[in-house]
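# Commentary on secondary and tertiary structure
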Amino acid sequence: MNNSILEGLNEQQKAVCTSDNNIILTACPGSGKTKTITHRLAYIQEKYSPSRKLNIAITYTNRAADEISSRIEKMGISCDTVWTGTIHQFCMHFIIRPYAMYSERLSKGYHIIDEYISDKYLAEITNDMHITLDRNEKPRDNPIISYEYHKLLEKNKEIDFDLILKLSYDLISNNKFIGENISSIIRSIHVDEYQDTNNYQYLTLSEIFKSNKNINVVFVGDVNQAIYGNLGGVAKNEEDIEQLFEVPFESMVLSGCYRSTQRIINYYINFEVENTGVYSVANHKDFKSTIIYNKSINKTELPNVIARIINKCLERGIPEDEICVVAPQWNQLHSISSALKKLLPNVSFDAPDISPFKYDPMNPFYILARLVFTESGRHIELRKRLANDFLEILASEYKISIPANYDCHILLKNINSLTLSVDDKGGLAVYLEVVKRVLSSLGVYLKNETVLNNTYELYIEKTRSRIKKYNISQTYKDIKYYFKEKKGVVINTIHGVKGEEFTTVIGFDLLNGHLPNWEYIIKDNKKPYREIETNKLLYVLASRAKKHLFLFSEQGRTTSKGNPLSPTDELQGIVIN
């Protein structure tokens, strides 16, 4: 056993890594949650080597999954028996693709549609049926529209992201052998951010576990950071999980925060929904942090004020990528990003950019775009995984016969050779040529593959539409930039920076109606519900900061009817010590 795997961990983290029990791990902000999961996966793999049983990490985002794989790779440990991905990817890889023939719905054929096509269908149905939606009512929540929408999906042999989870659970609950087969190849399952887990995810994983109770299960999260309730996230408690999995779970805690000063922690615990006992163990724990809340500044002056804060931070030696500007919603980020880039021309920004290729990790043509426009010599394991995903999707969803000797290495070699000496004509033209040649190398011709061709044409239509709408540069170099890991001052939403940390955090647009969104204010007219959701968002925002926190509820923003927006209620009356 390689004991160096546990080096650098504290006693709480080591206990989690070496425990054989099923665990519910409450991890406060900055407690080394990702580090602990990574080392636990590495520890189990080394302990049971050369077993080929899989150790699974189900994350909320692809970025988190990539981070875990990258860290294990940097430790010099093979990822051969480690699988990381989102719950949708898990369901597709382990349930739907191998067992679709046992589903009446899926056995007739299927392919996955993204949000772009889903929204298009819903809008068309709403218009065709002349339905007027209530304020803040979403088309998919209207029973009539939803019924017609699902009828259309079934007719077109299509499934959306929500159906991936439902159909996976139907498959595994109606066919006991599926759970038995899957459970026989798994040693451990780690569920990150379990407080944001969809109910179907709990049910599906419990079915797998009950087929083989020797599987080790770990749920990791923090109820205070459950900010995806509007997307179906459910924060089950220990009793609920034990009843569902029919075994006891050990409660463990990572309570020491290596990120923030005690002063920052003393501020953000005002927003705790449940007490975690978090305390600072950072080397800089006694640093006298700057914490400022301003609700008098006008929105017109906000960019200048934020620019001055950034400049002061840089003068103090704080690196650009240790500064974060954050807002509750995307629609305020583009304007502040543009303004800051003009005010600070010599500063780099990791700001929201609109890529010509819509992010869609389950679309084979998005995966191909990612392989075409990312560096071939970096993140080798990730590129191999993407290449395997591309081939698997073609085979399982589009019934393409992949040649026996054609694997991820050949695919990557083909792509690398085609992009090795690209001139700066058009990046889209390069991409289209790569698609054509890659499919040709597989013996696939789109004119003969109706369903695949339809997916391709819709994706290219969407790409051309984005290029035109947002006036996006099409050079190969510029498109590569969109896929490049950006560095600089981060500009993102509260949801987008969850799991990240920065020396300085600057939050703005902290206004009732924006934090939280209007839907929380009117939902069931329940004030406590709105307060809980607001507190969790503020908790996540403030707990990203290591040393400095600036919060703004700027004046001058109004509703669509021109009524002024007021500062977020939950920020009022909190004393900054």
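Our structure is the block above this text.
Not measured: the values here are computed from a predicted model.

The next point concerns the overall build of the protein chain. Within the protein chain, the secondary structure is distributed over 21 helices and 18 strands. With the C-alpha coordinates aligned to their principal axes, the bounding extent of the protein chain is approximately 65 × 55 × 55 Å. Surface accessibility of the protein chain: about 26600 Å² in total, with carbon and sulfur atoms responsible for 48%. Charge centroids of the protein chain, computed over 70 positive and 70 negative side chains, lie 4 Å from each other.

Pairing between side chains becomes possible if they bear opposite charge and their charged atoms approach one another. Under the definition given, this model contains 28 salt bridges. Measuring nitrogen to oxygen at the nearest pair gives 3.9 Å for the salt bridge that ties E11 to K14. Of this pair, E11 and K14 both sit in helix α1 (residues 11-18), separated by three residues, roughly a single helical turn. The shortest N-O distance in the salt bridge between R140 and D160 comes to 3.7 Å.

Glancing now at empty space enclosed by the protein. Under the criterion given, the structure shown has four cavities of 30 Å³ or more. What the largest cavity holds in volume is close to 200 Å³. Those elements that provide at least two residues to the lining of the largest cavity are α3 (62-74), α4 (87-99), α14 (364-372) and α15 (380-397). Element by element, the count of residues in the lining of the largest cavity is highest for α15, at six residues. Its boundaries defined by the atoms lining it, the second largest cavity holds a volume of some 70 Å³. Lining the second largest cavity are H111, I112, I113, D114, I117, E158, D360, N363, N454, T455, L458 and K462.

This part takes up the nonpolar core. Counting residues in each nonpolar core, the largest one holds 55 residues, and the members touching the most others are I56, F90, I159, I182, F219 and F245. Tallying contributions element by element places α4 first for this core, with eight residues. What F90 contacts, discounting residues up to four positions off in sequence, is I56, I58, W83, I95, L205 and I208. In terms of nonpolar packing, the next biggest core, distinct from the first, is built from 41 residues, L368, I393, Y431 and Y459 among them.

Attention shifts here to unusual backbone geometry. In this structure, P50 follows S49 across a cis peptide bond, with omega equal to 10°. The phi torsion at H130 lies on the positive side, around 55°, for a residue other than glycine. Taking the relative accessible area as the measure of exposure, H130 reaches 70% and is therefore exposed.

Approximately 290 Å³ is the volume found for the second largest pocket. Contributing to the lining of the second largest pocket are 16 residues, with I24, T26, Y194, V223 and E274 lying nearest its centre. Contributing elements (two or more residues each) for the lining of the second largest pocket: β1 (23-27) and β10 (250-254). In terms of residue count, β10 provides more of the lining of the second largest pocket than any other element does, three residues in total. Split into classes, the residues belonging to the lining of the second largest pocket amount to six nonpolar, six polar and four charged.

A sheet is described by the order of its strands in space; here six strands give the open sequence β13-β18-β17-β14-β16-β15, paired in parallel fashion. Two strands close off the open sheet at either side, each with one partner strand: β13 (290-294) and β15 (349-350). Pairing of strand β17 (residues 502-507) with strand β18 (residues 545-552), which is carried by five bridges, proceeds in the parallel orientation. Residue pairing in the sheet places I506 in a bridge with F550 of β18. Strands β14 (323-327), β15, β16 (489-493), β17 and β18 of the sheet are contacted by helix α12 (residues 302-315), whose axis makes an angle of about 155° with β14.

A full pass over the atoms with the stated rule returns 26 aromatic pairs. A ring pair is formed by F219 and F249, whose centres lie 6.0 Å apart and whose planes are at 45°; its orientation type is tilted. Residue F219 is located in strand β8 (residues 216-221), and its partner F249 is located in the loop between α10 (238-245) and β10; the two are separated by 30 residues in the primary sequence. By relative accessible area, which is 0% here, F219 ends up buried. A relative accessible area of 6% means that F249 is categorised as buried. When the ring of F373 is compared with that of Y476, the centres are 5.4 Å apart and the planes differ by 40°; the resulting orientation is tilted. With a gap of 103 residues between them, F373 in the loop between α14 and α15 and Y476 in helix α19 (residues 476-483) connect regions that are remote in the sequence. Y476 carries the same exposure label as F373, and that label is buried. These aromatic residues form a ring-pair network of at least three members: F357, Y359, Y366, F373, Y431, Y459, Y476 and F483. Positioned above the aromatic ring of W83 is the side chain of R385, whose terminal nitrogen or guanidinium carbon lies 5.7 Å from the ring centre.

Calculation rules
Residues numbered from 1 in each chain as written. Predicted model: local features only at pLDDT ≥ 70, side-chain atom pairs only at ≥ 80, totals over all residues. Heavy atoms only, no water. Helix = DSSP H or I, 4+ residues; strand = E, 2+ residues; numbered from the N terminus. Areas by Shrake-Rupley, 256 points an atom, 1.4 Å probe, with all protein chains shown as cover. Lys, Arg positive; Asp, Glu negative; His and termini not counted. Charge placed at Lys NZ, Arg CZ, Asp CG, Glu CD. Salt bridge = Lys/Arg side-chain N within 4 Å of Asp/Glu carboxyl O. 1 Å grid on protein atoms, 1.4 Å probe; cavity = no way out; pocket = protein on both sides within 12 Å on 5 of 7 lines; lining within 4 Å. Points joined across faces, edges and corners; volume = space filled by probe spheres on them. Core = buried A, V, L, I, M, F, W, Y, C linked by side-chain atoms within 4.5 Å. Buried < 20%, exposed > 50% of the residue type's maximum accessible area, 1.4 Å probe, protein only. Contact = heavy atoms within 4.5 Å. Nonpolar A, V, L, I, M, F, W, Y, C, P; charged D, E, K, R; others polar. Pairing = 2+ DSSP bridges. Axes fitted to C-alpha atoms, helices over the stretch in contact; angles between N-to-C directions. Phe/Tyr/Trp six-rings, centres within 6.5 Å; stacked < 30°, edge-to-face > 60°. Lys NZ or Arg CZ within 6 Å of the ring centre and 35° of its normal.

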